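Secondary and tertiary structure notes
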Amino acid sequence: MIRVLIVDDHRLFRSGVRAELGETIQVIGEAEDVESAVAAIAETRPDVVLLDVHMPGGGGQEVLRRVLGAGSQVRFLALSVSDAAEDVIGVIRGGARGYVTKNISGKELTDAIRRVSEGDAVFSPRLAGFVLDAFASSEAPPIDPELDSLTQREREVLRLIARGYAYKEIAKELFISVKTVETHVSSVLRKLQLSNRHELSRWATARRLV
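Residues numbered from 1 in each chain as written. Predicted model: local features only at pLDDT ≥ 70, side-chain atom pairs only at ≥ 80, totals over all residues. Heavy atoms only, no water.

**Describing the pattern of salt bridges**
Tallied over the full model, the rule gives 11 salt bridges. Residue E30 is joined to R14 by a salt bridge in which the shortest nitrogen-to-oxygen separation is 2.9 Å. In this pair, E30 sits in strand 2 (residues 25-31) while R14 sits in helix 1 (residues 11-20), placing the two residues 16 residues apart along the sequence. Overall, E30 belongs to the partly exposed group, its relative accessible area being 30%. (Salt bridge = Lys/Arg side-chain N within 4 Å of Asp/Glu carboxyl O. Helix = DSSP H or I, 4+ residues; strand = E, 2+ residues; numbered from the N terminus. Buried < 20%, exposed > 50% of the residue type's maximum accessible area, 1.4 Å probe, protein only.)

Given below as structure tokens:
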């Protein structure tokens, strides 16, 4: 049985993943941020870590840097709502064996975990091109200070705004209130020094976040 640790800062999502995994997967622990993830991996020594990309304390790339930098042989499978090229490329360069998005089915996720545990590389279909393009070039993805200033949730809201979602639709998609969506939008506008959602959409499209 494959031993898995789930690392994600949303408790409800962790519970959902645990419920969806098949009988061949044993969930041996959970963590909600970088510090608890590093400690749990050292303590439980899982076969595979399901790793969220954006979390408090530095995100998935920081977990990869600290764990793999210490010589651990654990295998990582990134599981994120983000399908942005910079997120995919960043964690793969950091040492993850694969990257799948959170709309994956329980059966597909179970299969992805099994394949990663056996040493295969696994990607959601549309993400494979990002990885091939990135490693065909010797250039690292550019650093974007404005994008880096946004939290995971702010990026999620921004991406949905750019795709034309109404506030109520975003709230339903992310399981948050409309009021919280409005708060995130206001924060993004302030950080990026933009005036309205139309400018947000153009900003996101220019950075291929849509």
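**A word on the UniProt feature "domain: Response regulatory" (unreviewed entry) in the protein**
Per the UniProt record, "domain: Response regulatory" (unreviewed entry) is found at residues 3-117. Taken as a whole, residues 3-117 contains 47% helix and 23% strand, while its terminal C-alpha atoms sit 9 Å from one another. (UniProt positions renumbered as here; feature names shortened; annotations may be inferred.)

**Looking at the UniProt feature "modified residue: 4-aspartylphosphate" (unreviewed entry) in the protein**
Within this numbering scheme, the UniProt entry marks D52 as carrying the feature "modified residue: 4-aspartylphosphate" (unreviewed entry). Residue position: D52 is located in the loop between strand 3 (48-51) and helix 3 (59-69). Not counting residues up to four positions away in its chain, the partners in contact with D52 are V7, D8, D9, G60, L79, S80, K102 and Q152. (Contact = heavy atoms within 4.5 Å.)

**What to know about the packing of aromatic side chains**
The geometry of an aromatic ring pair is captured by the separation of the ring centres together with the interplanar angle, meaning the angle of the planes. Tallied over the full model, the rule gives zero aromatic pairs. The ring of F13 has K102 sitting right over it, with the charged end atom 4.1 Å from the ring centre. (Phe/Tyr/Trp six-rings, centres within 6.5 Å; stacked < 30°, edge-to-face > 60°. Lys NZ or Arg CZ within 6 Å of the ring centre and 35° of its normal.)

**Some thoughts on the layout of surface pockets**
Sizing a probe to match a water molecule and rolling it over the atoms shows the empty space that remains. Its boundaries defined by the atoms lining it, the second largest pocket holds a volume of some 750 Å³. Elements that contribute at least two residues to the lining of the second largest pocket include exactly helix 1, helix 8 (152-162) and helix 9 (167-174). Considering every element that reaches the lining of the second largest pocket, the biggest residue donor is helix 8, with five residues. Split into classes, the residues belonging to the lining of the second largest pocket amount to nine nonpolar, six polar and eight charged. (1 Å grid on protein atoms, 1.4 Å probe; cavity = no way out; pocket = protein on both sides within 12 Å on 5 of 7 lines; lining within 4 Å. Points joined across faces, edges and corners; volume = space filled by probe spheres on them. Nonpolar A, V, L, I, M, F, W, Y, C, P; charged D, E, K, R; others polar.)

**Here we look at the sheet that holds strand 1 (residues 2-7)**
Two strands in a sheet stick together by hydrogen bonds in their backbones, pointing the same way (parallel) or opposite ways (antiparallel). Across the sheet, which stays open at both edges, the six strands sit in the order 2-1-3-4-5-6 with parallel pairing between neighbours. The sheet terminates laterally at strand 2 and strand 6 (122-123), the two strands that pair on one side only. When strand 3 meets strand 4 (residues 75-80), the two strands line up parallel, connected through four bridges. Residue pairing across strands places L51 opposite A78, the latter belonging to strand 4. Taken strand by strand, helix 1 contacts strand 1, strand 2, strand 3 and strand 4, and its axis lies near 170° from that of strand 2. On top of the sheet, helix 2 (residues 34-44) reaches strand 1, strand 2, strand 3 and strand 4; it is set at about 165° to strand 1, its chief contact. (Pairing = 2+ DSSP bridges. Axes fitted to C-alpha atoms, helices over the stretch in contact; angles between N-to-C directions.)

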